[in-house]
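Coordinate analysis (summary)
Below are the chains, spelled out letter by letter.
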Amino acid sequence: MKVLVLGGGGREHALCWKLKQSPLLSELYCAPGNPGIAELADLVPIRAEDSSELAEFAAGLGVGLTVVGPEVPLSMGLVDEFERRGLLVFGPSARAAELEGSKVFAKQFMERHAIPTAAFEVVHDEREARRAAKRFGFPVVLKADGLAAGKGVLIAAGSAELEAALVALFEERQFGSASARVVVEECLQGEEVSILALSDGSRLLPLATSKDYKRIGEEDSGPNTGGMGAHSPSMVLTSEQGSEILDRVMRPTVAGMANENRTFRGVLYAGVMMTADGPRVLEFNVRFGDPETQPLMMRMEGDLLPVLLAGARGDFGSAKVGFRQEAAACVVLASEGYPGSPVKGEPITGIEEARRQPRVEIFHAGTTIVDDTLVTHGGRVLSACATGANLADALRRAYLTAAQVDWPSKLYRRDIGRRVIELTSSN
Ligand code: AMP
Ligand code: GLY
């Protein structure tokens, strides 16, 4: 079967790496891909947002399954466009993708279906926002309604920060029309986990738990990024807590979406805070997480292709996913300036040597080739990933890799997984 993967980051590289191992695969395409993916797939120079061009391409080549990485094409209706043309695609329709595309929709949906989440109010202007902030007290969280590339969440510790956030949201309109409506919500405390499951519209196949590290700085300091590292398992959930999240969050979400005529097929990803009062959903994503997908693919057993194909058809049937009893870790190598404007164009060295180590993979994101040389070309450049018998072992290998690969402005967090290992070993 011919498979097309859409996107060009570390997540898509990891998906291509996994799909490439399938005996059912005949040809792998990726649009637009990156230099790492080019070793596994034929790159197609079409942006993931150009859905009609992509559908033309897929129909013309007889692509049997398309897998979508990023959220924007999903929100823009790529799946609807493919399905109109009878093409199989694993991902939610635009209506189902509203779970990620609109924070207001997601919060009101959770309220309708009694899915545990932070208390909230929807506001339309500064006056309403101040009133809501007063009700919740500081720190308070403000979220632009629409997609904002992971940057639309502001946490205000006091009134000065609140006023600055209101200016950014309502006056400067830093998030454009995404902040026409804003969710103000209580700030939750606890450990965050990423819970991902595949959905065929009615049934779920849960993936292993994972945890990502969103802040740029060590000990979770500084601004949010797309994610600076991840590992699986999350290390912060007991199996009872994992089951509780499936029963109280994931299953009611898929059932509720089906009841509201927004059948959810694709990856359902809940960012969950484990509070003293139990799990609370921080956000939904409607796609694989980046960087969580990198360790998840490295731990996954068996063939992913038939599972995604069955999901795209709307019935998993006997399809299964399993994960090895080992850990996998991913350290994101970024360039100075990220998450703002990163330095670009620096030659990358050491990849070939690093890749020869056992249990190691290096997935590309912001890289490009200039005059036959691999150079940096984005904020998040590479994911240094490894598996190990346990998390400490996987991290040791991932960090050796992170040190071996180099360029002048390389930047990475040294503390991925450190605290959860300390927590679990002190128990
Ligand atoms: P979101 O895009 O909604 O996941 O928010 C990005 C990040 O902001 C989350 O991963 C959390 O670290 C943080 N966050 C979002 N909502 C809350 C909340 N209600 N309380 C505390 N932290 C939050
Ligand atoms: N790692 C967070 C995300 O994919 O949104």
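In this convention, every chain numbers its residues from 1, walking through the sequence in written order. Chain letters and ligand numbers both follow the written order, the letters beginning at A and the numbers at 1. A pLDDT threshold of at least 70 governs which residues receive local features in this predicted model, and a stricter bar of 80 or more applies before side-chain atom pairs are shown or counted, although totals over entire chains, interfaces and linings include all residues. Hydrogen atoms and water are omitted, and side-chain values are computed over all heavy atoms in the structure.

To qualify as a helix, a DSSP run of H or I must reach at least 4 residues; to qualify as a strand, a run of E must reach at least 2; elements of each kind are numbered from the N terminus. A count of helices and strands for the protein chain gives 14 helices and 25 strands. The dimensions of the protein chain, computed from C-alpha atoms along their principal axes, are 55 × 50 × 45 Å. Note on definitions: a residue-residue contact is assigned when non-hydrogen atoms from the two residues lie within 4.5 Å. The long-range share in the protein chain, meaning contacts at least 24 apart out of those at least 6 apart in sequence, stands at 69%. Surface summary for the protein chain: the accessible area is close to 16,900 Å², and the carbon and sulfur share equals 49%. Only four residue types enter the charge count, namely Lys and Arg as positive and Asp and Glu as negative; His and the chain termini do not. The atom standing in for a charge is NZ when the residue is Lys, CZ when it is Arg, CG when it is Asp and CD when it is Glu. Taken together, the 46 basic and 56 acidic charged side chains of the protein chain have centroids lying 3 Å from each other. Only the protein chains shown count as covering a residue, and every accessible area follows the Shrake-Rupley method with a 1.4 Å probe.

Moving on, we come to helix α13 (residues 391-404). Its 14 residues give α13 an end-to-end C-alpha distance of 20 Å, which sits within 8% of 20 Å, the value for a rise of 1.5 Å per residue. Buried means the residue's accessible area, taken with a 1.4 Å probe over protein chains only, is under 20% of the maximum for its type, while exposed means over 50%, and partly exposed covers the values in between. Taken together, the buried positions of α13 are occupied by L391, D393, A394, L395, R397, A398, Y399, T401 and A402. Residues adjacent in sequence count toward polar contacts only when both atoms are side-chain atoms; beyond that, a polar contact is any pair of N or O atoms within 3.5 Å, and within protein one must be able to donate a hydrogen and the other to accept it. Where α13 starts, the residue carrying a side-chain oxygen 3.3 Å from the main-chain nitrogen of A392 turns out to be N390. Each residue after the first adds 1.5 Å to the expected span of a helix.

The rule for a residue being near a molecule or strand is that one of its heavy atoms must lie within 4 Å of it. Taken together, D212, G226, Y269, N285, R287, G289, D290, P291 and E292 make up the full set of residues near ligand 2. Between an oxygen atom of ligand 2 and a main-chain N or O atom of D290, the distance comes to 2.9 Å. Within the side chain of E292, a nitrogen or oxygen atom sits 2.9 Å from a nitrogen atom of ligand 2. Protein coverage of the free-state accessible area of ligand 2, which is 200 Å², stands at 89%.

Stacked, tilted and edge-to-face are the three classes applied to pairs of Phe, Tyr and Trp rings, where Trp contributes its six-membered ring and a pair requires centres within 6.5 Å; stacked means planes under 30 degrees apart, edge-to-face means over 60, and tilted covers the rest. The tally for this structure, following the rule as stated, stands at four aromatic pairs. Across the ring face of Y412, the terminal group of R414 is positioned such that the distance to the ring centre comes to 4.0 Å. The criterion for a charge sitting over a ring is simple: Lys NZ or Arg CZ within 6 Å of the ring centre, and within 35 degrees of the ring normal.

All right, on to the site of ligand 1 then. The immediate surroundings of ligand 1 are formed by 16 residues, with E185, E186, L188, E192 and E283 found nearest. A distance of 2.8 Å separates a nitrogen atom of ligand 1 from a polar atom in the backbone of L188. Take E283: an N or O atom from its side chain is 2.8 Å from an oxygen atom of ligand 1. Here ligand 1, which alone exposes 470 Å², has 93% of that area covered by the protein. Elements represented by at least two residues in the shell around ligand 1 include exactly β7 (140-144), β8 (153-156), β9 (182-186) and β17 (278-285). The classification used treats Ala, Val, Leu, Ile, Met, Phe, Trp, Tyr, Cys and Pro as nonpolar, Asp, Glu, Lys and Arg as charged, and all other residues, Gly among them, as polar. Each residue belonging to the shell around ligand 1 can be placed in one class, and the counts come to eight nonpolar, one polar and seven charged.

Along an α-helix, residues three or four positions apart point the same way, because every turn accommodates 3.6 residues. Within helix α2 (residues 51-61), burial applies to S51, L54, A55, F57 and A58. Along the axis of α2, the buried residues cluster in a sector spanning 160 degrees; they form a single face. For α2, the elements touching its buried residues are β1 (2-7), β2 (27-32), β4 (65-68) and α4 (78-84). Positive backbone phi, approximately 70 degrees, marks G62, located one or two places after α2. Directions are taken from the helix axis to each C-beta atom, and the arc is the one they span.

Strands sit in the order β3-β2-β1-β4-β5 across an open sheet of five strands; the sheet is parallel. Two strands bound the open sheet, and with one partner strand each, they are β3 (42-43) and β5 (89-90). Inter-axis angles, ranging from 0 to 180 degrees, are taken between N-to-C directions of lines fitted to C-alpha atoms, where helices are fitted over the stretch in contact. Against the sheet, α2 touches β1, β2 and β4, its axis set at about 165 degrees to β1. In this analysis, strands are considered paired if DSSP registers two or more bridges between them.

That's the geometry; what it means functionally is another story.
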